[in-house]
Amino acid sequence: MKNVHYLNQAERELKVAELAERQRDPKFDIELRLLKDESGWYADVPNHTRGQNSMVSGADTLCDRMAQGGKEIVVKFRTVEDPSRKTLFTMKRVMHLTGYGAEYLVMGASSIPFPAYICDVGHDVMGEHAPKIYIYAVNGRTAA
């Protein structure tokens, strides 16, 4: 089994600061690859097991909507809004407990917003569970 590493507080703060600086460039997006196998959707995040990378509790539903029948997607998103671009979807954090993850409300993926859970593996991607996540592209598809 892999050595699983969750970021500690100092590492999360460093990652948040690094991403904030990089997102000053409106052309910079955080990129995340997601895959679907016989067990469902999972994120391609190194240093974590397949189970820890599983997309569950609404996040799997969002992946299905983004994939439109496919089994692999690349999502480009930001934790800092770029007002010069339209989002495909927006996720607003409604609950957060370090050690347990965060619950988001997904808006724009369906006519009715729905909840989606992101576990603490998200710290490796964003540093912390951002108050808002702005999804700008999925497999190159952007908002019209």
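As shown above, the structure is provided for reference.
Rules behind the numbers
Numbering of residues starts from 1 in each chain and follows the order in which that chain's sequence is written. Residues qualify for local features only when their pLDDT is at least 70, as the model is predicted, and side-chain atom pairs are given and counted only at 80 or more; totals for whole chains, interfaces and linings, by contrast, use all residues. Note: side-chain values were computed over all heavy atoms of the structure, leaving out hydrogens and water. The method works on a 1 Å grid over the protein atoms by themselves. A cavity is a set of points holding a 1.4 Å probe that cannot get out, a pocket is an open set with protein on both sides within 12 Å along at least five of seven lines, and residues with an atom within 4 Å of a point line them. Grid points are joined across faces, edges and corners, and a volume is the space filled by probe spheres set on the points. Strands are runs of DSSP state E lasting at least two residues, helices are runs of H or I lasting at least four, and both sets are numbered from the N terminus onward. Only Asp, Glu, Lys and Arg are considered charged, only Ala, Val, Leu, Ile, Met, Phe, Trp, Tyr, Cys and Pro nonpolar, and every remaining residue, Gly among them, polar. Here, a salt bridge means any Lys or Arg side-chain nitrogen found within 4 Å of an Asp or Glu carboxyl oxygen. Throughout, exposure labels follow a simple rule: accessible area from a 1.4 Å probe, protein chains only, divided by the maximum for the residue type, with under 20% read as buried, over 50% as exposed, and the rest as partly exposed.

Draft legend 1. Inspection of empty space enclosed by the protein at higher detail. In total, this model carries one cavity of 30 Å³ or more according to the counting rule given. The calculated volume of the largest cavity comes to roughly 350 Å³. Around the largest cavity, the lining is made up of 25 residues, and of these Leu32, Leu34, Ala43, Met55 and Ile118 lie nearest the centre. Contributions of two or more residues to the lining of the largest cavity are made by strand 1 (30-37), helix 2 (59-67), strand 3 (72-78), strand 6 (114-118), helix 3 (122-126) and strand 7 (132-138). No other element matches the four residues that helix 2 contributes to the lining of the largest cavity. Each residue belonging to the lining of the largest cavity can be placed in one class, and the counts come to 21 nonpolar, four polar and no charged.

Draft legend 2. Quick look at the pattern of salt bridges. One pass over the structure, following the stated rule, counts nine salt bridges. Across the salt bridge formed by Arg85 and Asp29, the nearest N and O atoms sit 2.6 Å from each other. Taken together, the positions of Arg85 in the loop between strand 3 and strand 4 (89-97) and Asp29 in the loop between helix 1 (9-22) and strand 1 put the pair 56 residues apart, joining distant regions of the chain. Owing to a relative accessible area of 30%, Arg85 belongs among the partly exposed residues under this scheme. Note that Arg50 is salt-bridged to Asp37, the shortest N-O span being 2.8 Å. On the criterion of sequence distance, the pair formed by Arg50 in the loop between strand 2 (40-43) and helix 2 and Asp37 in strand 1 is long-range, its members being 13 residues apart. Judged by its relative accessible area of 29%, Arg50 falls in the partly exposed class.

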